[in-house]
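What follows is the residue order along each chain.
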Amino acid sequence: MELADILKYKDRFSKTGFMEKISRVAKRAGAKLVYASLILYYTLESSQISLKEKAAIIGALGYLISPLDVVPDAIPIAGLGDDLAVLVFVLNMVWGDVSDEVKEKARKKLSTWFDEDELAGADDLFKDNPDSNPV
């Protein structure tokens, strides 16, 4: 998937739709997906990111909440895997502009759905990418 593919989903994004979807699928989606989506969601509020980056974030979050994507969310395990891939792709694009405040805000919200053991799973979001700072 390329950025142009992701941008097709920008019209599907809404703050209400995002929060409803993430609340509904949090446990099934897992801490990594939820953490990545929350970081992107809160990064939208930042004045340090470009309009292109905001468009990419809105496209990725639109893809997440869209019922029509490459692998339907209803398919166990694989259904949310493509969503995570899109989120991580865009998160890698904007990572340098993600503030510690955004990470903390996302982590705090994440803790409303997950216990400490589950939260630890989100810590290795960028473990396989040595060029990225750990989340």
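The preceding data block contains the structure.
Computed from a prediction, not measured in an experiment: that's the story for all the values here.

Thoughts on the packing of aromatic side chains
Alright, step 1. Tallying each qualifying case throughout the model produces three aromatic pairs.
Alright, step 2. Measuring from ring centre to ring centre gives 4.5 Å for phenylalanine 18 and tyrosine 41, while their planes differ by 15°; the resulting arrangement is stacked. Of the two residues, phenylalanine 18 is situated in helix α2 (residues 15–29) and tyrosine 41 in helix α3 (residues 31–43); the sequence distance between them amounts to 23 residues. Considered together, phenylalanine 18 and tyrosine 41 belong to a single accessibility category, that of buried residues.
Alright, step 3. With relative accessibility at 10%, the residue tyrosine 41 sits in the buried group.
Alright, step 4. Through pairs of rings, three or more aromatic residues link up here, namely Phe18, Tyr41 and Tyr42.

Considerations on the packing of α3 against helix α6 (residues 100–110)
Alright, step 1. One can describe the packing of α3 onto α6 by two numbers: an axis separation of 9 Å at closest approach and a directional angle of 135°. On the basis of their axis angle, the class for α3 and α6 is oblique. In terms of crossing hand, the pair formed by α3 and α6 is right-handed. Here Ala31, Val34, Tyr35, Leu38, Ile39, Tyr42 and Thr43 of α3 come into contact with α6, specifically with Val102, Lys103, Lys105, Ala106, Arg107, Lys109 and Leu110.
Alright, step 2. A class-by-class count of the residues in the contact of α3 with α6 yields nine nonpolar, one polar and four charged.

Structural notes on helix α4 (residues 51–65)
Alright, step 1. Look at α4: 21 Å from first C-alpha to last across 15 residues, which is about the 21 Å you get at 1.5 Å a residue.
Alright, step 2. Restricting attention to buried positions, one finds in α4 the residues Glu53, Ala56, Ile57, Gly59, Ala60, Leu61, Gly62, Tyr63, Leu64 and Ile65.

Thresholds, definitions, all that
- Residues numbered from 1 in each chain as written.
- Predicted model: local features only at pLDDT ≥ 70, side-chain atom pairs only at ≥ 80, totals over all residues.
- Heavy atoms only, no water.
- Phe/Tyr/Trp six-rings, centres within 6.5 Å; stacked < 30°, edge-to-face > 60°.
- Helix = DSSP H or I, 4+ residues; strand = E, 2+ residues; numbered from the N terminus.
- Buried < 20%, exposed > 50% of the residue type's maximum accessible area, 1.4 Å probe, protein only.
- Axes fitted to C-alpha atoms, helices over the stretch in contact; angles between N-to-C directions.
- Parallel < 35°, antiparallel > 145°, perpendicular 65-115°, else oblique.
- Left-handed = near helix turned anticlockwise from the far one by under 90°.
- Contact = heavy atoms within 4.5 Å.
- Nonpolar A, V, L, I, M, F, W, Y, C, P; charged D, E, K, R; others polar.
- Expected span 1.5 Å × (residues − 1).

In short, the description is geometric, and any link to function would need to be established separately.
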